[in-house]
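# Observations on chain architecture
Letter by letter, the chains look like this.
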Amino acid sequence: MHAITIPEPGGPEALVWDEVPDPAPGEGEVLVDVVASAVNRADILQRQGFYNPPPGASRYPGLECSGRIAALGPGVSGWAVGDQVCALLAGGGYAEKVAVPAGQLLPVPEGVDLRQAAALPEVTCTVWSNVFMVAHLRPGETFLVHGGSSGIGTMAIQLAKAVGAKVAVTAGTKEKLDYCAELGADILINYREQDFVEEVKRATDGAGADVILDNMGAKYLDRNVQTLAVNGRLAIIGMQGGVKGELNIGALLNKRAAISATSLRARPLGEKAAIVAAVREHVWPLLADGNVRPVVDREMPMSDAAAAHRVVEESGHIGKVLLVTN
């Protein structure tokens, strides 16, 4: 098969489409013929040498895929060769074939194109696990998501609206904010021109946000805490703004607020399977009903993953950039 390899860390040109050995499914795994994968920020960090795969995972980048089951490993039940699936991965999505733990498989939702299904596993699992399983967003609460036009952001808007929350977003252009509004966002904040702390407080009569989903890390830490409502929950899932910040514990105590920080890739298989099962139970019906949909900016050849990485790094896209095998 062919896969994107990274002989040496570096810029997008470090991604090389090369012939490599086919994977074989182990105990509890299935082999998937990959139709599409998607570019995630974690892939860029891996390419740069900053985010290695966890032990035992494929060394090729790619944290999600869609395709058809080609073979079943020992001990797998409930799936059949030929099933159309999408999958959450620890690596290996940028390839023509990938071995996947069966607990990380999802059926392609009714009404969703097989290729576009590749845009779903990482965003649905990240958003559902952080916003709902950890931060427990409830109907009527105010939810702020940074990077509202990103893959994570576009899914977070839709799921928060589906449960009856009021949604605030930050983005850097009018075009991106307009798209967030089309998805249902109520409070639109251009972070280049407006202070999100002030704007959220103004829109909530001073109360603040009950839940914040943050991809920036250190840069936004203090301002996120300022934005939190009493009993608010801040869920940190990224470090695009740095890894070390100053935390005002007094402000956190006064608000009886909480901060969580999670990653998905290195979690034990059992935890990932539980998240995938929760997504299938709660999110997949919304997709089947058309209340939630994948947001795909464009599809590009997997063999030219370097060009796709450039698109994502320039941040001009909305939603996900897919890599297709043919």
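Model, not experiment: these values are computed from the prediction.

## Focus on the overall build of the chain
When helices and strands are tallied, the chain shows ten helices and 15 strands. Taken over the C-alpha trace, the chain has a radius of gyration of 19 Å; the compact-globule value for 326 residues is 20 Å, and the two agree within 12%. Across its three principal axes, the chain shows a C-alpha extent of roughly 60 × 40 × 35 Å. Buried residues in the chain amount to 54% of all 326 residues. Considering only residue pairs separated by 6 or more positions, the chain has 67% of its internal contacts joining residues 24 or more positions apart. Working note: accessible area of the chain is about 13600 Å², and carbon and sulfur atoms make up 50% of it.

## Details of the sheet that holds strand E10 (residues 187-190)
Within a sheet, each strand pairs with its neighbour through backbone hydrogen bonds, oriented either parallel or antiparallel. The parallel open sheet is built from six strands, whose spatial order is E10-E9-E8-E11-E12-E13. Where the open sheet ends on each side, the last strands, each with one partner, are E10 and strand E13 (258-261). Strand-to-strand twist of the sheet, defined as the mean angle between neighbouring strand axes without regard to direction, takes the value 15°. When strand E8 (residues 142-145) meets strand E11 (residues 209-214), the two strands line up parallel, connected through three bridges. Counterpart to Val145 in the pairing with E11 is Leu213. Its contacts with the sheet place helix H3 (residues 151-162) against E8, strand E9 (166-171) and E11, and it is angled at close to 170° to E8. Along the sheet, helix H5 (residues 196-203) contacts E8, E9, E10 and E11; its crossing angle with E10, the most-contacted strand, is approximately 160°.

## Some thoughts on the UniProt feature "domain: Enoyl reductase (ER)" (unreviewed entry) in the chain
Here the UniProt-annotated "domain: Enoyl reductase (ER)" (unreviewed entry) positions come out as residues 10-323. For the annotated span residues 10-323, helix accounts for 31% and strand for 25% of the residues, and the straight-line distance between the end C-alpha atoms is 20 Å.

## Let's talk about the pairing of strand E15 (residues 320-324)
Within E15, five of the five residues are buried, which leaves the element mostly enclosed by the surrounding structure. Of the two faces of E15, the one lined by Lys320, Leu322 and Val324 and the one lined by Val321 and Leu323 are each fully buried. Here strand E3 (residues 29-38) runs beside E15; their pairing, made up of three bridges, is antiparallel. Following the sheet pairing, Ala38 is matched in E15 by Leu322. In this sheet, E15 lies alongside strand E14 (residues 296-301) in parallel orientation, the contact comprising five bridges.

## Side note on a nonpolar patch on the surface
There is a patch of nonpolar side chains on the surface, built from Leu247, Ile249, Leu253 and Ile259 and spanning about 360 Å² of accessible area. Examined against the element boundaries, Ile249 turns out to sit in helix H7 (residues 249-255). For Ile249, a relative accessible area of 52% puts it in the exposed group.

## Let's talk about the nonpolar core
Residues Val127, Phe143, Leu159 and Leu213 are the most contacted members of the largest nonpolar core, which totals 49 residues. In this structure, Val127 is in contact with Phe132, Ile152, Met155, Ala156, Leu159 and Leu213, ignoring residues within four places of it in sequence. The next biggest cluster of nonpolar side chains, apart from the first, holds 28 residues, and it includes Leu15, Ala102, Val312 and Val321.

## A few points about the side chain of Arg47
As for its position among the elements, Arg47 is in helix H1 (residues 41-48). Those residues in contact with Arg47 that sit more than four places away from it in its chain are Ile6, Pro9, Gly10, Gly11, Pro12, Ala14, Leu15, His309 and Glu313.

What counts as what
Residues numbered from 1 in each chain as written. Predicted model: local features only at pLDDT ≥ 70, side-chain atom pairs only at ≥ 80, totals over all residues. Heavy atoms only, no water. Helix = DSSP H or I, 4+ residues; strand = E, 2+ residues; numbered from the N terminus. Rg over C-alpha atoms; globule rule 2.2 N^0.38 Å. Buried < 20%, exposed > 50% of the residue type's maximum accessible area, 1.4 Å probe, protein only. Contact = heavy atoms within 4.5 Å. Areas by Shrake-Rupley, 256 points an atom, 1.4 Å probe, with all protein chains shown as cover. Pairing = 2+ DSSP bridges. Axes fitted to C-alpha atoms, helices over the stretch in contact; angles between N-to-C directions. UniProt positions renumbered as here; feature names shortened; annotations may be inferred. Patch = residues over 30% accessible without salt bridge, like charges linked within 9 Å, V, L, I, M, F, W, Y side chains within 5 Å. Salt bridge = Lys/Arg side-chain N within 4 Å of Asp/Glu carboxyl O. Core = buried A, V, L, I, M, F, W, Y, C linked by side-chain atoms within 4.5 Å.

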